[in-house]
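Analysis of the macromolecular model
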Amino acid sequence: MVVDELSDEAVDRVFHALADATRRDILHRCVRGEPSVSRLADVYPMSFAAVQKHVAVLERAGLVTKERRGREQLVRTDADAVSRARTVLDELEAAWRGRVGRMADLLAQPPDSERHKASTGRAG
Amino acid sequence: MSVISVEKDVDNLSLILIAEFDAPVELVWQLWADPRQLERWWGPPTHPSTVEKHQLAPGGEVTYFMTGPGGEKSYGWWRVTLVSPPRSLEFTDGFAHQDGTPNADLPTTAVQMRLTGQDGGTRMELRFSFGSREHMDQLERWGAFDVFPQSVGQMDALLAADAADLRHTDPS
């Protein structure tokens, strides 16, 4: 049994990488194919260099790898099954960290809002 | 920090998350038991969730959808297997078709939730288990990237910002 405990730093890198909508979209596209950096640059209203920076952030987080083929640089996710499973667990963790944060937020609200509703009966 | 530990077991395809809240068990339970409260935290601010059916009883069903910035909707459902207020809830979480009926082709995740009181606060333990490696792979291809990562958007803020900033991102 391998209990995987990512270091805080590695987790932070993954979360930082996934915090941006463009990077999530890039990752999404890499799951479905192996787009080149220049093809990605055509998709978004930003410069080639800006897209390259986004790809570099994903790369540092270990979410994608770059491979040079001819004049193209192909971007792809790691196809290894274990790492895919890990990605799912990471995303599940990220999703639930978000949810737990929102739960804590609701619980911290002053008594005249949600907490009041909860203690005096159901809303709606 | 609400999340105090996350243990991922890639071999056994499971994840255990432990969180602590500075609120009594009954209030944390209400976050799950009251559909109006559930929809305030289930989806991220960019994809607010709407809970339609909410039957917290064994065999009961919870159905919901999340609405994205472009108006696109992702549907999901829970099948409740155990409910013991205000301490535990177990359910299977799955994806649904656009008409809200469960999509049997997509994998499901078993979720066990337990609340324990401690020093006036509450400890919440969540266990997630996947049926098989294929299910996880499928989740990655279909589910995870379509539904889960939308919650990720807030991750950075949640980890890096203080509570005041968080409230700012959660329109109420």
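Residues numbered from 1 in each chain as written. Chains lettered and ligands numbered in written order. Predicted model: local features only at pLDDT ≥ 70, side-chain atom pairs only at ≥ 80, totals over all residues.

1. Observations concerning the overall build of chain B
So the rule is basically this: Put simply, DSSP H or I for four residues or longer makes a helix, DSSP E for two residues or longer makes a strand, and each gets a number counted from the N terminus. Buried, partly exposed and exposed are defined by the number of other C-beta atoms within 10 Å of a residue's own C-beta, namely 20 or more, between the two limits, and 12 or fewer respectively, with C-beta atoms placed from the backbone. Once C-beta atoms have been placed from the backbone, residue pairs whose C-beta atoms lie within 7 Å are recorded as contacts.
Counting secondary structure elements, chain B contains six helices and eight strands. Secondary structure elements of chain B occur, N-terminal to C-terminal, as β-β-α-α-β-β-β-β-β-β-α-α-α-α. For chain B, buried positions account for 37% of its 172 residues. The contacts of chain B with a sequence gap of at least 6 include a subset with a gap of at least 24, amounting to 39%.

2. Section: the overall build of chain A
What chain A contains, in helices and strands, is six helices and three strands. Secondary structure of chain A in N-to-C order comes out as β-α-α-α-α-β-β-α-α. Here chain A holds 124 residues, and the buried ones make up 37% of them. Counting contacts in chain A only where the partners sit at least 6 residues apart, residues at least 24 apart contribute 54% of the total.

3. Here we look at the pairing of strand β3 (residues 49-54) of chain B
Along any regular strand, the residues point their side chains to alternate faces of the sheet. Residues and elements named next belong to chain B. This is how the line gets drawn: Between any two strands, at least two bridges found by DSSP are needed for them to pair.
As judged from the four bridges shared by β3 and strand β4 (residues 61-67), these two strands associate in the antiparallel manner. Bridge assignment links His54 to a residue of β4, and that residue is Val62. With antiparallel pairing between neighbouring strands as the criterion, β3 and β4 make up a hairpin whose turn holds six residues, including Gly59 at a positive phi of roughly 85°.

4. Side note on helix α4 (residues 48-60) of chain A
Residues and elements named next belong to chain A. Spelled out, the test is: Expected span, for any helix, means 1.5 Å times one less than how many residues it has. This arc corresponds to the set of directions leading from the helix axis out to the C-beta atoms.
In this model, α4 (13 residues) spans 18 Å end to end at C-alpha, consistent with the 18 Å of a helix rising 1.5 Å per residue. Along α4, the positions that sit buried rather than exposed are Val51, His54, Val55 and Leu58. Seen along its axis, α4 keeps its buried residues to an arc of 95°; they face one direction. Of the residues in α4, the exposed ones pointing more than 90 degrees away from the buried face are Ala49 and Lys53. Count one or two residues on from α4 and you reach Gly62, which has phi positive near 80°.

5. Some remarks on the pairing of strand β8 (residues 121-130) of chain B
All names here are of chain B. Going residue by residue along β8, you find Thr122, Met124, Leu126, Phe128 and Phe130 tucked away on one face and Gly121, Arg123, Glu125, Arg127 and Ser129 left uncovered on the opposite face. Inspection of the sheet shows strand β2 (residues 14-21) paired to β8 by eight bridges, in the antiparallel sense. Residue pairing for β8: Ser14 is matched across the bridge by Ser129. Bridge count between strand β7 (residues 109-118) and β8: 10 bridges; the pairing is antiparallel. Residue Ala110 lies in a different strand from β8, and its bridge partner there is Ser129. In sequence, β7 turns back onto β8 through a hairpin of two residues, with Asp119 there showing a positive phi of about 50°.

6. Re the nonpolar core
When a protein is soluble and globular, its nonpolar side chains tend to lie buried together. What counts is decided by this rule: Among buried residues, those of type Ala, Val, Leu, Ile, Met, Phe, Trp, Tyr and Cys that are joined through C-beta atoms within 7 Å form a set called a nonpolar core. Domain delimitation follows an automatic or database domain assignment.
Among the nonpolar cores identified, the biggest contains 54 residues, and Leu58 and Met103 of chain A together with Phe21 and Val28 of chain B are the most heavily contacted of them. In terms of residues, this core owes the most to one element, helix α5 (residues 81-107) of chain A, which gives 11 residues. Counting only domains with at least three residues in this core, you end up with domain 1 (7-78) and domain 2 (80-124) of chain A. Contact partners of Leu58 of chain A, with chain neighbours within four places excluded, come to Ala17, Arg23, Ile26, Leu27, Leu63 and Val64 of chain A.

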